[in-house]
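# Observations on the three-dimensional arrangement
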Amino acid sequence: MAKTTQLRTYTVREGMLDEWVERWRAEIVPLRLELGFAIGGAWVDRERNQFVWLISYDGPESFAERNALYWASPERKAMNLDPDEYLVHTDDCTVETVDLQL
């Protein structure tokens, strides 16, 4: 399968941005990496209470198949982390690299 990259923008509930970032960093990132995903970066926009990150997968399965494996994994279930407790809105879009050659 071809590499798939998603740009994910999450609007976080008021007052929960730092807690969300810490849980994402400590719990979500290690499992995503273990399952073959790559994290291209992460940013916070405090003015808009948003968390933005890039996630990619380049493996034998599709991004959707690998993502389903992540959500079904016992490790993900053991996190006891419901995104709805933190996130008001999510926007995921698949993006592709643009050649910067001039």
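Residues numbered from 1 in each chain as written. Predicted model: local features only at pLDDT ≥ 70, side-chain atom pairs only at ≥ 80, totals over all residues. Heavy atoms only, no water.

Let us now look at helix 2 (residues 63–72). Owing to its 3.6 residues per turn, the α-helix brings residues three or four apart onto one side. Every buried residue belonging to helix 2 is among F63, R66, N67 and Y70, and all of these are buried. Projected down its long axis, helix 2 carries its buried residues within an arc of 100 degrees, all on one side. Those residues of helix 2 that are buried are in contact with strand 1 (4–12), helix 1 (17–34), strand 2 (37–45), strand 3 (50–57) and helix 3 (74–78). (Buried < 20%, exposed > 50% of the residue type's maximum accessible area, 1.4 Å probe, protein only. Helix = DSSP H or I, 4+ residues; strand = E, 2+ residues; numbered from the N terminus. Arc of directions from axis to C-beta. Contact = heavy atoms within 4.5 Å.)

One open sheet holds the four strands; their spatial order is 2-3-1-4, and the pairing between them is antiparallel. Of all the strands in the sheet, just strand 2 and strand 4 (87–95) have a single pairing partner and so form its edges. Between one strand axis and the next, the sheet turns by 15 degrees as a mean value, whatever way the strands run. One ladder, built from eight bridges, connects strand 1 with strand 4; its direction is antiparallel. The residue bridging R8 from the neighbouring strand is D92, located in strand 4. Along the sheet face, helix 1 touches strand 1, strand 2, strand 3 and strand 4 and points at about 175 degrees away from the line of strand 2. (Pairing = 2+ DSSP bridges. Axes fitted to C-alpha atoms, helices over the stretch in contact; angles between N-to-C directions.)

Enumeration over the complete set of coordinates arrives at 10 aromatic pairs. On the basis of an interplanar angle of 75 degrees and a centroid distance of 6.3 Å, the ring pair of Y10 and W53 is categorised as edge-to-face. One end of the pair, Y10, is in strand 1; the other, W53, is in strand 3, with 43 residues separating them in the sequence. On the basis of relative accessibility, which here comes to 8%, the residue Y10 falls in the buried class. Residue classification places W53 among the buried positions, given a relative accessible area of 1%. Members of the aromatic cluster, connected to one another through ring pairs, are Y10, W20, W24, F51, W53 and Y86. (Phe/Tyr/Trp six-rings, centres within 6.5 Å; stacked < 30°, edge-to-face > 60°.)

A separate point is the side chain of N49. Position of N49 relative to the elements: it lies in the loop between strand 2 and strand 3. Judged by relative accessible area, N49 falls into the buried class, the value being 12%. Among the polar contacts made by the side chain of N49, one reaches the main-chain carbonyl oxygen of V12 at a distance of 2.4 Å. Within the structure, N49 has its side chain in polar contact with the backbone oxygen of R13 (distance 3.1 Å). (Polar contact = N/O pair within 3.5 Å; in protein donor to acceptor, adjacent residues only side chain to side chain.)

Membership of the largest hydrophobic core comes to 21 residues, with the highest contact counts inside it found for W20, W24, I28, F37, F51 and Y70. Put simply, the parts of the chain that give this core at least two residues each are strand 1, helix 1, strand 3 and helix 2. No other element matches helix 1, which puts seven residues into this core. Other than its neighbours up to four places away in sequence, F51 contacts R8, T9, Y10, V12, L17, W20, V21, W24, A42, W43 and V44. (Core = buried A, V, L, I, M, F, W, Y, C linked by side-chain atoms within 4.5 Å.)

Counted by the stated rule, this structure contains six salt bridges. Across the pair D18 and R46 runs a salt bridge, and its minimum N-O distance is 2.9 Å. Within this pair, whereas D18 is found in helix 1, its partner R46 is found in the loop between strand 2 and strand 3, the two being separated by 28 residues in sequence. Using a relative accessible area of 49% as the deciding quantity, one classes D18 as partly exposed. In this structure, E61 engages R66 in a salt bridge whose closest nitrogen and oxygen atoms are separated by 2.8 Å. Overall, the relative accessible area of 26% leaves E61 in the partly exposed class. According to the relative accessible area criterion, R66 is buried, its value standing at 17%. (Salt bridge = Lys/Arg side-chain N within 4 Å of Asp/Glu carboxyl O.)

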